[in-house]
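# Chain and residue survey
Next come the chains, spelled out residue by residue.
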Amino acid sequence: MSEVAGGPGQGLRTLLAEIDPQWLGGIDPALLAAGRESRLGRQVMLRCLEQAPAAALFAPSPEPAVDRTAAAWPRERLEAFLRNLGVLAFAPAIRAEIGREPVRRLKDTLGKRYLLALDRQMWDGQVPPTLLARLQARLSDAVGGPDPAAVLRAMFARQGRAELRHWAATHEPALGDWVLLLHPGDPDARAHLPAGAVARLHAHHTAPAGGGGN
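Residues numbered from 1 in each chain as written. Predicted model: local features only at pLDDT ≥ 70, side-chain atom pairs only at ≥ 80, totals over all residues. Heavy atoms only, no water.

## Things to note about the packing of helix H9 (residues 129–143) against helix H10 (residues 148–171)
Where H9 contacts H10, the two axes come as close as 8 Å, and the packing angle between them is 145°. On the side of H9, the interface is formed by Arg138, Leu139, Ala142 and Val143, while H10 contributes Pro148, Val151, Leu152, Met155, Phe156, Arg158 and Gln159. Per-class residue counts for the contact of H9 with H10 are eight nonpolar, one polar and two charged. (Axes fitted to C-alpha atoms, helices over the stretch in contact; angles between N-to-C directions. Helix = DSSP H or I, 4+ residues; strand = E, 2+ residues; numbered from the N terminus. Contact = heavy atoms within 4.5 Å. Nonpolar A, V, L, I, M, F, W, Y, C, P; charged D, E, K, R; others polar.)

Next up, the structure:
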């Protein structure tokens, strides 16, 4: 992975602009903005990326995977997909919540995504009792906190990243690498959605009309 005479491709330029600093080997974030604007700075960043666990994203043939992935998954579209995945992963706990105030807070935060959590055609929500209890406890802590909207959004986004990376490892590895590099590492996050549920939501977000950006 190297910078050619005309500079890196669009996908790499996007990645260098949006990558989480963690993956650049400890480069001072304050230096990144300047580094992106110079050929030498970009070369240093690209060398750092050679150590990242993202072989699928940097596959060169026939069209660079990073270019395809960046074009298909700009940040706004990706984040919407991740939030929806996280909401779907918490669907068993959301469906089980019947308290008036917690439900109100969930609806206020989720908007139309609340209906996604109730959509049994997307996922029936069957999980072991121990997992359901953990999801309910996490949801209850988030809803009952002083800033439930912010905590819920962060929780769903984190869970969505775990779900997508787990699914993408065997279904769309370059997308999994893209998610990895745009966010901090999170080795403690665990996925539990069945592959079929993730695939259905993925298809919704990649539909020609650009569904899922709600």
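## Points about the confidence of the model for the protein
Model confidence for the protein is summarised by a mean pLDDT of 88, while 92% of its residues fall at 70 or above. Taken element by element, the protein is modelled with least confidence in helix H2 (residues 29–36), mean pLDDT 71, and with most confidence in helix H6 (residues 91–96), mean pLDDT 98. Across residues 2–6 the pLDDT falls below 50, and counting only partners more than four positions away or on other chains, this stretch makes eight contacts in the model. (pLDDT = per-residue confidence, 0-100.)

## Brief notes about the side chain of Asp177
Relative to the helices and strands, Asp177 is located in helix H11 (residues 173–182). No salt bridge is formed by the buried Asp177. Its closest oppositely charged neighbour is Arg165, at 6.9 Å. A distance of 3.0 Å separates a polar atom in the side chain of Asp177 from the backbone nitrogen of Leu57. Those residues within four positions of Asp177 in sequence are excluded, and the remaining contacts are Pro53, Ala54, Ala55, Ala56 and Leu57. (Buried < 20%, exposed > 50% of the residue type's maximum accessible area, 1.4 Å probe, protein only. Lys, Arg positive; Asp, Glu negative; His and termini not counted. Salt bridge = Lys/Arg side-chain N within 4 Å of Asp/Glu carboxyl O. Polar contact = N/O pair within 3.5 Å; in protein donor to acceptor, adjacent residues only side chain to side chain.)

## Overview of the pattern of salt bridges
Any two side chains of opposite charge can pair, given that their charged atoms come close. Per the counting criterion, the structure on display carries six salt bridges. A salt bridge links Arg104 to Asp108; the nearest nitrogen and oxygen atoms lie 2.7 Å apart. One end of the pair is Arg104 and the other is Asp108, both in helix H7 (residues 100–110) and four residues apart, which spans about a single turn. We classify Asp108 as exposed; its relative accessible area is 54%. Each member of the salt-bridge network shares a partner with another, and the members are Glu101, Arg104, Arg105 and Asp108.

## Examining the environment of Leu135
Mapped onto the elements, Leu135 comes out in helix H9. Judged by relative accessible area, which is 1%, Leu135 ranks as buried. Taking the C-alpha atoms as reference, Leu135 lies 25 Å from Ala203; in sequence the two are 68 residues apart. Apart from residues lying up to four places away in sequence, Leu135 is in contact with Ala89, Phe90, Pro92, Ala93 and His192.

## Focus on the packing of helix H5 (residues 75–89) against H10
For the pair H5 and H10, the least separation of the axes is 7 Å and the interaxial angle reads 95°. The orientation of H5 relative to H10 falls into the category roughly perpendicular. Between H5, through Leu78, Phe81, Leu82, Arg83, Leu85, Gly86, Val87 and Ala89, and H10, the contact on the second element is made entirely by Phe156, Gln159, Gly160, Arg161, Glu163 and Leu164. Here the contact of H5 with H10 is built from residues that sort into eight nonpolar, three polar and three charged. (Parallel < 35°, antiparallel > 145°, perpendicular 65-115°, else oblique.)

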